[in-house]
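Overview (structure and organization)
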There are 2 protein chains.
Amino acid sequence: MPKLEFWFEFASTYSYVAAEEIEGKARSAGVELVWRPFLLGPIFAEQGWRDSPFNLYSAKGAYMWRDVERLCQRKGIAWRRPSVFPRNGLLAARIATALDRAEKLPDFVRSVYRANFSLDLDISEPSVLKEILCNLSLDEEAIFMRANDDSVKRLLRARTDEAKSRGVFGAPSFFAKEELFWGSDRLEQALEAPRD
Amino acid sequence: MPKLEFWFEFASTYSYVAAEEIEGKARSAGVELVWRPFLLGPIFAEQGWRDSPFNLYSAKGAYMWRDVERLCQRKGIAWRRPSVFPRNGLLAARIATALDRAEKLPDFVRSVYRANFSLDLDISEPSVLKEILCNLSLDEEAIFMRANDDSVKRLLRARTDEAKSRGVFGAPSFFAKEELFWGSDRLEQALEAPRD
């Protein structure tokens, strides 16, 4: 089965749109997904940005909020503009990294995105993430232990370095083998990309 | 007939993609086009950029070249990566402003884009633009006179100011009334936008 890597950052609005759509579309396309949480912060920092470009460039930011609202409406995705942006997704990304190939990883990812972009909850709060794990019948204490272990922290850092070295500069990003696609608008094209 | 404003910059690769597609799609959608050449330079300069962001941010730039190549291939649009980027589109924009609602404006616009992004010609060169006008059976001397007239220079500056004040931060941009859409990927959505 051909594979597609889905690289996402929990603070990213367009990653939310992609996360809501990707499983259904990958199934239709007969493509296996590899879920890759990573951190945009270190990548943005190297470009000299200490905040989201949507906050640094106000016209671009104003447009993004309207564009995502329209996109979600067209696609039937729940949406509420969060009262804080960007929210720190570090702990959620560590948990997703700890879950790795667990069957419930996609459900966890979607639940975190919905907490941030539909329920306006603070996804940097351990209690919010524990409740999500609990609702998925996952052992939240054991997973928190693993998420805070050095091996998981190192793995998430290594994945972020890997993303950067493969040319990732934003999220969501998709790889069909080494072919990079950026943005939720490129999901279909990424799923159709030749893999030979 | 509902209208769509098409704001484009001659140096912009994605504006080229939109320029190649927009007339056919607007006709199918029953939408009248308003062609609006403008300059991104002054808008980028206010964001602190003295060059194209695709040159300033190298990973983003490398991706753009690959993405546009793929897009053109999928859409059957001629494409050759220009040896100079961005090329100065000021004179071409003044000519397009001078042509305003001339029947041949769309042909002129497409010819300039093809010169830049398919033939790798220097569109800042008067001789290149004169040949384009000549090939369209337009009076190149009269049009150059008008393009260099203060009234046209002022009109182009006013249009660029108008774009900025309406929230434009990149190209191509589309307006369905006051609803802004950014990027060649949003052309379909812009053509479908409600106008009441």
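Here we summarise the structure given alongside this text. Since the structure is predicted, the reported quantities are computational estimates derived from the model, not experimental observations.

Criteria and cut-off values
Chains are numbered independently. Their residues run from 1 in the order of the written sequence. The naming scheme follows written order: chains are lettered A onward, ligands numbered 1 onward. Side-chain atom pairs in this predicted model are given and counted only at pLDDT of 80 or more, local residue features only at pLDDT of at least 70, and totals for whole chains, interfaces and linings cover all residues. Interaxial angle, 0 to 180 degrees, is taken between N-to-C directions of lines fitted to C-alpha atoms, where a helix line uses only the stretch in contact. Secondary structure counts use DSSP, requiring at least four H or I residues in a row for a helix and at least two E residues in a row for a strand, with both numbered from the N terminus. By the definition adopted for this analysis, an angle is roughly parallel if under 35 degrees, roughly antiparallel if over 145, roughly perpendicular if from 65 to 115, and oblique otherwise. By the criterion used throughout, residues are in contact when their C-beta atoms, derived from the backbone, lie within 7 Å. Charged residues are taken to be Asp, Glu, Lys and Arg, nonpolar residues to be Ala, Val, Leu, Ile, Met, Phe, Trp, Tyr, Cys and Pro, and polar residues to be all remaining types, Gly included. Being paired, for any two strands, means DSSP has found at least two bridges between them. In superposing the copies, a least-squares fit is computed on C-alpha atoms, taking residues whose pLDDT is at least 70 in both.

1. Remarks on the packing of helix α5 (residues 90–99) of chain B against helix α9 (residues 150–165) of chain B
When two helices pack together, their arrangement is captured by the angle between the axes and the distance separating the axes. All names here are of chain B. α9 packs onto α5 with a crossing angle of 100° between their chain directions and a minimal axis gap of 9 Å. With respect to each other, α5 and α9 are oriented roughly perpendicular. On α9, the residues touching Ala-93, Arg-94, Thr-97 and Ala-98 of α5 are Val-152, Lys-153, Leu-155 and Leu-156. The residue makeup of the contact of α5 with α9, split by class, is five nonpolar, one polar and two charged.

2. Some thoughts on the sheet that holds strand β2 (residues 32–37) of chain B
Residues and elements named next belong to chain B. The strand order across the open sheet built from four strands is β2-β1-β3-β4, with neighbouring strands paired in mixed fashion. The open sheet terminates on both sides in strands that have one partner only, identified here as β2 and β4 (179–182). Within this sheet the neighbouring strands show an average axis-to-axis angle of 25°, counted without direction. The pairing of strand β1 (residues 3–8) with strand β3 (residues 173–176) spans three bridges and is antiparallel. Counterpart to Phe-6 in the pairing with β3 is Phe-174. Across the sheet, helix α1 (residues 13–29) lies against β1 and β2, angled at about 160° from β1, the strand it touches most.

3. Re the relation of the copies chain A and chain B
Comparison of the two chain copies shows a relationship of rotation about an axis with a shift along it. Note on the copies: chain A fits chain B at an RMSD of 0.0 Å, the axial shift is 0.0 Å, and the rotation between them is 180°. Interpreted geometrically, this transformation is the action of a two-fold axis. When C-alpha distances to the rotation axis are compared across chain A, the minimum falls at Asp185(A), with a value of 3.7 Å.

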